[in-house]
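# Fold and geometry: a report
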Amino acid sequence: MTHHPYNALFLCTGNSARSIMAEAILNRAGQGNFRAFSAGSQPKGQVHPYALDVLKKLHYDVSGLRSKSWQEFSGPDAPKLDFVFTVCDNAAKETCPVWPGQPMTAHWGVPDPAEAIGTEAEVRFAFADTVRMLTNRINIFVSLPLRSLDLLTLQKQLDAIGKTKDPSTKPASAA
């Protein structure tokens, strides 16, 4: 039986930091089992330099990362999506396009590091903290036994991951 990778799309309004970081993290953490993409409802057109910097320092491949519209993933030639995650509150409230393949969706909101204020070190810390939070959630996600969970249990697990606050916190187990 051939195994096809799951396709996951991370959405944010500007597609310049959080969704981009999530794309890079899942592509590495889920290598072979997942293909990650990111997009925005109102893409900024460029990836935030601090997002690229923190990913490079952690040895992520950033060569293909770019800010793009979610419209790229709603057309007939778009990859069939298995999962769509919003990582910012604005995108979670917006009316999304109809995604090919009726993917499972969840909101995994994290604070926008691009809105952090303070010294350069404080702002860079906000980007590093965002990577930490997303890495924690994505590592939990890739460890789920996706093929053996029924859809309701899987949806509960995806929602619980979005509420995860600390690396030591696991999502509630579904009974």
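Residues numbered from 1 in each chain as written. Predicted model: local features only at pLDDT ≥ 70, side-chain atom pairs only at ≥ 80, totals over all residues. Heavy atoms only, no water.

### Looking at the pairing of strand S4 (residues 104-107)
For the record, the criterion: Only protein chains enter the area calculation, which uses a 1.4 Å probe; residues under 20% of their type maximum are buried, those over 50% are exposed, and those in between are partly exposed. Numbered from the N terminus, helices here are DSSP runs of H or I no shorter than four residues, and strands are runs of E no shorter than two. Pairs of strands are assigned from DSSP output, requiring at least two bridges between the strands.
Residue alternation in S4 divides its side chains into a buried set, Met104 and Ala106, and an unburied set, Thr105 and His107. Summarising the sheet, strand S3 (residues 83-86) and S4 pair through four bridges and their orientation is parallel. Across the sheet, residue Phe85 finds its bridge partner in S4, namely Ala106.

### Thoughts on unusual backbone geometry
Although it is not a glycine, Asn15 sits at a positive phi angle of roughly 45 degrees. By the secondary structure assignment, Asn15 is in the loop between strand S1 (6-12) and helix H1 (18-29). Residue class for Asn15 comes out buried when judged on its relative accessible area of 1%. If you check the backbone angles, His59 has positive phi at about 65 degrees while not being a glycine. By the secondary structure assignment, His59 is in the loop between helix H2 (49-57) and S3. On the accessibility criterion, His59 (68% relative accessible area) is exposed.

### Some words on the side chain of Thr135
Threshold: Here, residues are in contact when the closest pair of their heavy atoms is within 4.5 Å.
Looking at the secondary structure, you find Thr135 in helix H4 (residues 120-143). Judged by its relative accessible area of 18%, Thr135 is buried. Contact partners of Thr135, with chain neighbours within four places excluded, come to Ile25 and Tyr60.

### Overview of the confidence of the model for the protein chain
Cut-off, in case you're wondering: pLDDT measures how confident the predictor is about each residue, on a scale from 0 to 100.
Confidence in the prediction of the protein chain, expressed as mean pLDDT, is 87, and 87% of residues score 70 or more. pLDDT under 50 marks residues 167-175. Its contacts with residues more than four places away, or in other chains, come to 13 contacts.

### Describing the sheet that holds S3
Paired through backbone hydrogen bonds, the strands of a sheet run either parallel or antiparallel to each other. The cut-off we apply is this: The angle between two axes is taken between their N-to-C directions and runs from 0 to 180 degrees, where each axis is a line fitted to C-alpha atoms and a helix contributes only its stretch in contact.
Ordered in space as S2-S1-S3-S4, the four strands form an open sheet in which the pairing is parallel. Unpaired on one side and paired on the other, strand S2 (34-40) and S4 mark the two borders of the sheet. Direction aside, neighbouring strands of the sheet carry axes that sit 20 degrees apart on average. In this structure, S1 lies alongside S2, joined through seven bridges in parallel fashion. Of the residues in S2, the one forming a bridge with Cys12 is Gly40. The strands touched by H1 within the sheet are S1 and S2, with S2 carrying the most contacts at an inclination of about 175 degrees. Sheet strands in contact with helix H5 (residues 151-162) are S3 and S4, and its direction is about 25 degrees off that of S4.

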